[in-house]
Amino acid sequence: MKILLIGSGGREHALAWKINQSPLCKQLICAPGNAGICEIADCVNIKADDVGGLVKFALREAVNFVVVGPEVPLALGLVDELITQGIAVFGPTEAAAMLESSKAFTKDFCTRHDIPTAKYDVFTNVSDAKAYLDVMDAPYVIKADGLAAGKGVVIAETRAEAETELDEFFSGKFGGAGDCVLIEEFMTGHEISFFALADGISVLPLIAAQDHKRAFDGDKGPNTGGMGAYSPVPGFNDEKKIMDEILIPTVRGMAAEGTPFTGVFFAGLMMTKDGPKLIEYNVRFGDPECQVLMRRLESDLLDMMIKAAKGKLAQVDLVTWSPNAVVNVVVAADGYPGTYVKGETIKGVEAANLMEGVQVFHAGTTRDKDGALLSAGGRVLNITAVGMTVVQAVERAYTAIDEAIDWPGGYVRRDIAKMAIKGK
Ligand code: AMP
Ligand code: GLY
């Protein structure tokens, strides 16, 4: 089959690496890809949000199957367009992608289907929102309804801070994404990312992974897209509860409402003392979580994605995973998630890839006309390492960073998977 993968991050490099291992894949094309993806796939320079351009290309090239990596093309209806053109695709329709593109939709959906989540209300004007603070306790969780690249959530410690934030949300801090604002009850517990595939009617559990959202060690600094991940998550044994109380009701509810969900669920969950509660849904793989999942997955990903797209996920009887630990440490440009420079030379990726258990996935990278590797984004490299234990995996990843990767302008968190080592 001729496969078209959409996206250009570390997630897509990991997906490309895994899809290429499938006997079903005869040719892999990626739009637009990055320097790492271009080593293992044919890259075509069409942006991930150019829905018209992507559909035209898929038709012209007679692509058999499309895999969509990021959320933006899903929210723009790329899947709907491809289906209209008769092209098979893995990912939710625009209506089903509302589970990520509208937090208000998702919370109201949870209410309709009795899915455990934080208490909340939705507001379209600032005075009603401020009045609601009277019935909530600090800290206050304030969220923009729409897609805001993971930045549309504020936890305000005091009432005064919450009111200031509400003024800013309603005066366009997040553009159109903030026209509608949610205020939620603050949940305490441990956060986890859980993944599952769905084919519109049934849902197949994958596994859990742990992200590290903050920029600096000790969970300090601003939120990022994610600075590292690991899997398995020691002590995690809540799969049945998550499936029974959250994912199965979601897939059934979406089907019952006429917007069946096909693709991958990425459930952001808070493990509270009352059990798992949904923080949010994403409707695509997590980045950097996907990279560790792909390194542990032994089953044929492409085969499962095709079955999901055909409504035949029930034919997958067993998903097998390596019992080994996998860690992913992100190398980001100094200054990320704020301002940073691009175009710096990076050396040592080949040397890192030769080290035991190590596989580097590129994110924001490109090449100059002489073939030298250059930084081209905020998150630039993902150093993944497999080990018999999480301690070994962590050691291998940091050894590769310290002894092989040569990029003075990059930084890493030094405490990825520290919690797993402590056994928490
Ligand atoms: P979201 O984009 O909705 O996942 O929110 C971003 C982050 O804010 C989450 O990963 C949590 O760390 C935090 N958060 C969101 N909602 C809540 C909540 N209701 N209670 C506590 N923390 C939350
Ligand atoms: N790692 C979080 C995300 O992909 O949104």
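From a predicted model like this one, the values you see are computed outputs, not experimental measurements.

S.K.: What should I look at first to understand the site of ligand 1 in this one?
M.R.: If you check the shell around ligand 1, you find 15 residues, and the closest are E184, E185, M187, E191 and E280. In the model, an oxygen atom of ligand 1 is placed 3.2 Å from a nitrogen or oxygen of the K103 side chain. Separating an oxygen atom of ligand 1 from a side-chain N or O atom of E280 is a distance of 2.9 Å. Contact with the protein chains removes 90% of the 470 Å² of surface that ligand 1 exposes when unbound. Elements with a minimum of two residues in the shell around ligand 1: strand 7 (140-144), strand 8 (153-156) and strand 16 (275-282).

S.K.: Teacher, can you tell me more about the layout of surface pockets here?
M.R.: Summary: where empty space remains is shown by rolling a probe the size of a single water molecule over the atoms. In this structure, the second largest pocket encloses a volume near 200 Å³. For the second largest pocket, the full set of lining residues is V79, I83, I87, A88, V89, G91, P92, T93, P260, T262 and A309. When residues of the lining of the second largest pocket are traced back to their parent elements, those giving at least two are helix 4 (78-84) and strand 5 (88-90). Class assignment for the residues of the lining of the second largest pocket results in eight nonpolar, three polar and no charged.

S.K.: Before we go on, may I ask you to explain the environment of L147 in this structure?
M.R.: Among the structural elements, L147 can be located in the loop between strand 7 and strand 8. Given the relative accessible area of 31%, L147 is considered partly exposed. Spatially, the C-alpha atom of L147 lies 21 Å from that of M270, the residues being 123 residues apart in sequence.

S.K.: Whenever I open this one, unusual backbone geometry confuses me. Can you help?
M.R.: Only a minority of non-glycine residues have a phi that is not negative, and only a minority of peptide bonds are not trans. For the peptide bond that leads from A31 to P32, omega is -10 degrees, which places it in the cis range. Among the structural elements, P32 can be located in strand 2 (residues 27-32). The residue after Y336, namely P337, is reached through a cis peptide bond having omega 10 degrees. With respect to the element layout, P337 can be found in the loop between strand 17 (325-333) and helix 12 (349-353). For D114, which is not glycine, the phi torsion reads 60 degrees and is therefore positive. Its relative accessible area of 69% is what places D114 among the exposed residues. In the Ramachandran plot, A417 falls in the positive-phi region, its phi being about 70 degrees despite a non-glycine side chain. Turning to its location among the elements, A417 is positioned in the loop between strand 22 (410-411) and helix 14 (418-421).

S.K.: Looking at this structure, how should I read the pairing of strand 7?
M.R.: Side-chain direction in a regular strand flips from residue to residue, so the side chains alternate between the two faces of the sheet. Across the five residues of strand 7, five count as buried, placing the element largely inside the fold. The alternating pattern of strand 7 places Y140, I142 and A144 and V141 and K143 on opposite faces, both of which are buried. Sheet analysis places strand 7 next to strand 8, joined by four bridges and oriented antiparallel. Counterpart to V141 in the pairing with strand 8 is I155.

S.K.: It is not clear to me how the site of ligand 2 should be interpreted in this structure. Could you clarify?
M.R.: Contacts to ligand 2 come from D211, G225, F266, R284, G286, D287, P288 and E289. Residue R284 places a side-chain N or O atom 2.8 Å away from an oxygen atom belonging to ligand 2. Backbone polar atom of D287 to an oxygen atom of ligand 2: 2.9 Å apart, as the coordinates give it. Compared with its free state, where it exposes 200 Å², ligand 2 has 84% of that area covered by protein. Taken together, the residues of the shell around ligand 2 sort by class into two nonpolar, two polar and four charged.

S.K.: In this structure, what is going on with the nonpolar core? I would like to understand it.
M.R.: Across soluble globular proteins, nonpolar side chains show a tendency to be buried alongside one another. By size, the foremost hydrophobic cluster in this structure holds 49 residues, and its most contacted members are L4, V66, L99, L247, F265 and L269. Broken down by element, this core gets its largest block of residues, six residues, from helix 9 (residues 239-256). Of all hydrophobic cores here, the second largest spans 42 residues; its members include A16, A308, L313 and F361.

S.K.: How do you make sense of the sheet that holds strand 7 when you look at a structure like this?
M.R.: Hydrogen bonds between backbone groups are what pair the strands of a sheet, and the pairing can be parallel or antiparallel. Taken in spatial order, the four strands make up an open sheet running 6-9-7-8, and their pairing is antiparallel. Each having just a single partner strand, strand 6 (120-123) and strand 8 make up the two edges of the open sheet. The average undirected angle you get between the axes of adjacent strands in this sheet is 20 degrees. Strand contacts of helix 6 (residues 103-112): strand 6, strand 7, strand 8 and strand 9 (181-184), with the helix running at about 140 degrees to strand 6, the strand carrying the most contacts. On the sheet, helix 8 (residues 159-170) packs against strand 6, strand 7, strand 8 and strand 9 and is oriented at approximately 5 degrees with respect to strand 7.

Cut-off values and rules
Residues numbered from 1 in each chain as written. Chains lettered and ligands numbered in written order. Predicted model: local features only at pLDDT ≥ 70, side-chain atom pairs only at ≥ 80, totals over all residues. Heavy atoms only, no water. Near = heavy atom within 4 Å. Polar contact = N/O pair within 3.5 Å; in protein donor to acceptor, adjacent residues only side chain to side chain. Areas by Shrake-Rupley, 256 points an atom, 1.4 Å probe, with all protein chains shown as cover. Helix = DSSP H or I, 4+ residues; strand = E, 2+ residues; numbered from the N terminus. 1 Å grid on protein atoms, 1.4 Å probe; cavity = no way out; pocket = protein on both sides within 12 Å on 5 of 7 lines; lining within 4 Å. Points joined across faces, edges and corners; volume = space filled by probe spheres on them. Nonpolar A, V, L, I, M, F, W, Y, C, P; charged D, E, K, R; others polar. Buried < 20%, exposed > 50% of the residue type's maximum accessible area, 1.4 Å probe, protein only. Pairing = 2+ DSSP bridges. Core = buried A, V, L, I, M, F, W, Y, C linked by side-chain atoms within 4.5 Å. Axes fitted to C-alpha atoms, helices over the stretch in contact; angles between N-to-C directions. Contact = heavy atoms within 4.5 Å.

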